[in-house]
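Report on the structure
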Amino acid sequence: MSNTTTDQPPKLVLLAILVLYFFSGLSSLAYEVLWVRMLSLQFGVSIFGVVITVAAFMLGLGAGSLLGAKLLRFITNPLLTFAIIEFVIAVVSISIPFLFQWTETWQFTLTARFSLGVWYLTQFVATGLVLLLPALLMGAGFPLVLSLFEKVPSSLSVVYAVNTLGAAAGALIPLLLLPAIGWISALHVIVAISVCVAAAAGIFSRKIPAKLPHAMKNDSRQLSAEQIPLLVAYAGIGAVSLMLEIGWTRLFGMVFLRTEYVLAIILTVFLVGIAAGSYFARYRVTENWFNGLPVLASIFVVAGLWFLPGLTALLDFQRLESLNQALLYQGSLIAALTLPVTLIFGAWLPLLNRRLGDSGISGARLYGANSIGAALGALAAGFMLTPMIGTYGVIVLSALLVMMFSLAWASKRVMLIAAPIIALAAFPVYRMAPVNHLSPKIYQATEDLYRHEDALNITHVIARQDGQRLLLADLQRMDASSDPASVHSQRNQSRLPLLLHSEPRTVLFLGLGTGISASSSLAYPKLERTAVEISSGAIDAADTWFNQVNLNVVDETIVIRDDARRFVRTDPGKYDVIIGDLFHPDLVGRSALLSRQQFQRVKERLANNGIFAQWIALNQFDLESLKIVLRTFKKVFPDGVLFLDAFRIALVGVNGPLSGFPSIEQNIAALDPEGYQLQLGGENKFAWLGRYWGRISIDESGPIQDEWEPQIEFRLPSARYNGELDLAKLLQYLLQHRPHVSTAAAELNIDSVNYSAFERAFIATELAHRSWLALLQNNSSEGQRLLKLAFQANPGDHWISYAVADATLANYAVTRPAVISEKNVLESVLKIRPDHADALKRMWTLEEEGGNTESAQQYKKQFAEVSPLDKALQR
């Protein structure tokens, strides 16, 4: 092969190169989605993973493209260089998990004494630098491949479109791989694709005529002063596109699928739109396009915010039977809102390149400027603009900035006329729509009381029609509500572990939420309370909006805004009791709180004989995911035990032997009467002991939850849509593995004097759960029969007596026998449960209607103590 020829490569070779560049784009975006997933686990916040990955990715692409354009003048075989780059990308990418683990270790050490913000900053810098190298290499490949098509008409449009379509496919590939084989194996698959691309490119490079370095230098064009404003403006368009991507990902991640699924879909829509826009912009191009495209893009962006509530309402009432169906249906809705905008963004690159001379060098410069601008836009949107003006504000600002940056090539007159009109149309949607508009099926009859948005999440406090309040994070219910049943359940989360310790002096709450869980700890006046909460919105809400039901516990607690994983790893303190709050385990990053590493960190923070209780809600798990968590906990706490409180299970680990009954006896003996009532929640000690479910008994050879090889967050989304979150199946499993009462008594050190009382409570708990299992299996008569037996065995159990009281009211509402008055029924209910909120409220009303003012006021007082936020109290 001659070293002096400048002939164009054969057409078949060019076609093969396009195919290779398609797969290069595919692997590049697959890497991006996988990196987002891993960084979301590392940060514990999915949007942070999105922002830092996208920023590093785009900065690398932009800088790499500009660098590649410079290097072309020294390269004789661009395809061979491209092959080497692809191979290096594969090597670096397969090393990234190890680099992440290494950087995480020294970050914890380096920032142990610094604030959460400093920790995030070091994470951003470290992980950004790790990702920058492969992204830089990916960007450098663009001008190299483009140079091979110099003599092909509209080569920029074709090459850009093919690579972008490959990238669109690559954004979706992880959605198929992650649930099937997990993160590490999915990465290995993508690395294998990169290696194949590198090998094929190396083979085809032998078919490429060499180019003299001086020829490339002569062909290159110097950057003129007139071109700089256009490049700067196109960099601004890149910033706007990524501001939209971040804003849309955050917004759609709340109302549609989880963030990483939404990111993959948005990336796919973005890239398909850009590829199609780039390709079709070759035809029928006129100057009017430069004037019309910015206006159309801004209109479509604003229109999307107007249409969003209607689309979410449509989605709310759709029955989706699988994750794939949800991805398809919700992806279609996202595409309807975003595709018109991305088509326009895609058209700009070939159009502007024609103004710069339609050369490969000018195309690489535009691509580089746009990508660097995109990186800056992602950082600005994620960390600066969102906390300042909110997600909706970022999207509206993007619509206006499109027209501002387009002044570099569009008619000023058109822009000045269109901008005020679009701004006027955007003003009503500048602020986030109410929760009842974004999620009408679940929260239709609610009103927003409070909203706080920062770089981490969006916190809402909403009120139902009856006045009860709910705390939401990113529109997901946090199992936190002010209604009486929920308050009792939340307080139980701290009652149990504090009760199991003979003399608790210090307690650490991993998660504050509404503060209701921590409120029962006020039974111990000398107890030192520390709560770690990452959401500043939740801290404000607990202090301001839930203070009536959390007994102002925030005033008695050291509240630290920090990541729970970081805190337990860097805090030198030791605690008698540590309590892990409930959370949604399928949200990205949250599953790390159930990992082997996190359990080990917590164990190291326990004082001698310290108690750790991690609560999980059974209705959020399928059976296999529950087994993974149990297996993981047992790895760290080999003698770990379970307690079942209704449909919530406590995984309890002790830094020493579990004393059981003797510790509880010593604990409650030190409580005053008021503290006794608050700590035991109106129940006796045997009701709590009766919820014991024995030592964790499970096959230890199966998978566990590891921060670097997560399991449950890949399973749970599919399980939720596939109908595998079967509470009945979980109850069956737990009932099969419950120990005999004599075994339980021995493990809890129950003496012979108290054995009979414990036996009744233990059997009552099992009968209650068998009753609920029968009801879940639509066997109502058996469920009611078992419930009556449970009540006879232990009428003091809160959940059993409340269920009997509810059943009494329900039966009366259906039958309404003439011989029994409503008042008599309510009085019988209040004998069963003196704190039954509905019965107290109705008795208050009946006595008031009957003119019995004194009695009505007494019932009102009792009701106010049980349900202080109920709207009826305001009349």
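This text follows the structure it describes.
Residues numbered from 1 in each chain as written. Predicted model: local features only at pLDDT ≥ 70, side-chain atom pairs only at ≥ 80, totals over all residues. Heavy atoms only, no water.

1. Looking at the overall build of the protein
Just so we agree on the cut-off: Helical segments are the DSSP runs of H or I of at least four residues, strand segments are the runs of E of at least two, and each set is numbered from the N terminus. The globule rule used for comparison is 2.2 Å times the number of residues to the exponent 0.38, while the radius of gyration itself is calculated over C-alpha atoms. Using a 1.4 Å probe on the protein chains alone, a residue whose accessible area is under 20% of its type maximum counts as buried, one over 50% counts as exposed, and one in between counts as partly exposed. Contacts between residues were defined by any pair of non-hydrogen atoms, one from each residue, lying within 4.5 Å.
Scanning the protein from terminus to terminus reveals 32 helices and 12 strands. Scaling as 2.2 N^0.38, a compact globule of 875 residues should have a C-alpha radius of gyration of about 29 Å, and the protein matches this with 31 Å. In terms of overall dimensions, the protein has C-alpha extents of about 100 × 60 × 50 Å along its principal axes. Relative to its full complement of 875 residues, the protein shows a buried share of 62%. A separation of at least 24 residues holds for 78% of the contacts in the protein among residues at least 6 apart in sequence.

2. Let's talk about the nonpolar core
For the record, the criterion: Remark: nonpolar core denotes a set of buried residues (Ala, Val, Leu, Ile, Met, Phe, Trp, Tyr, Cys) joined through side-chain atoms within 4.5 Å.
Within the largest apolar cluster, 164 residues are counted, with the highest numbers of intra-cluster contacts made by F252 and W348. Of all the elements, helix α11 (residues 360-405) adds the most residues to this core, at 20 residues. W348 has contacts with Y234, I237, L293, P294, V402, S406 and W409, leaving out every residue within four places of it along the chain.

3. Observations concerning a negative patch on the surface
Heads up, the condition is: Grouping into patches uses exposed residues only, defined as over 30% relative accessible area, and leaves out salt-bridged ones; the cut-off is 9 Å for like charges and 5 Å for nonpolar side chains (Val, Leu, Ile, Met, Phe, Trp, Tyr). Throughout, the Shrake-Rupley method with a 1.4 Å probe supplies accessible areas, and for residues the shown protein chains are the sole cover considered. By definition, a salt bridge exists where a carboxyl oxygen of Asp or Glu is found within 4 Å of a side-chain nitrogen of Lys or Arg. Positive charges come from Lys and Arg alone, negative charges from Asp and Glu alone, with His and the N- and C-terminal ends not counted. A charge is said to be at NZ when it belongs to Lys, at CZ for Arg, at CG for Asp and at CD for Glu.
Judged by side-chain charge, D540, D543, D555 and E556 come together as a negatively charged surface patch. Structurally, E556 can be placed in the loop between α17 (536-544) and β7 (557-560).

4. As for the pairing of strand β6 (residues 528-532)
Quick reminder of the rule: Here, any two strands with at least 2 DSSP bridges between them count as paired. For a crossover, the right-handed case is the one in which the path from the first strand over the helix to the second runs clockwise, viewed with the strands pointing away from the viewer.
With respect to burial, β6 is a largely interior element, 4 of its 5 residues being buried. As judged from the 4 bridges shared by β6 and β7, these two strands associate in the parallel manner. Among the inter-strand pairings, T530 is bridged to a residue of β7, identified as I558. In the classification by handedness, the crossover that spans β6, the intervening α17 and the parallel β7 is right-handed.

5. Things to note about the packing of helix α15 (residues 484-500) against helix α21 (residues 661-669)
Going by this rule: Between the N-to-C directions of two axes lies an angle of 0 to 180 degrees, each axis being a line fitted to C-alpha atoms and, for a helix, fitted only over the stretch in contact. Should an angle lie under 35 degrees it is considered roughly parallel, over 145 roughly antiparallel, and from 65 to 115 roughly perpendicular; all remaining angles are considered oblique. All amino acids are sorted into three groups, where Ala, Val, Leu, Ile, Met, Phe, Trp, Tyr, Cys and Pro are nonpolar, Asp, Glu, Lys and Arg are charged, and the leftover types, Gly among them, are polar.
At a minimum axis separation of 7 Å, α15 and α21 run at an interaxial angle of 105°. Overall, the two elements α15 and α21 adopt an arrangement that is roughly perpendicular. Contacts from L498, L499 and L500 in α15 reach S663, I664, N667 and I668 in α21. For the contact of α15 with α21, a count of residues per class yields 5 nonpolar, 2 polar and no charged.

6. Focus: the environment of E766
Along the chain, E766 falls in helix α27 (residues 752-776). As a C-alpha pair, E766 and L786 span 20 residues in sequence and 9.5 Å in three-dimensional space. Setting aside anything within four residues of it in sequence, one finds E766 in contact with L735 and R738.

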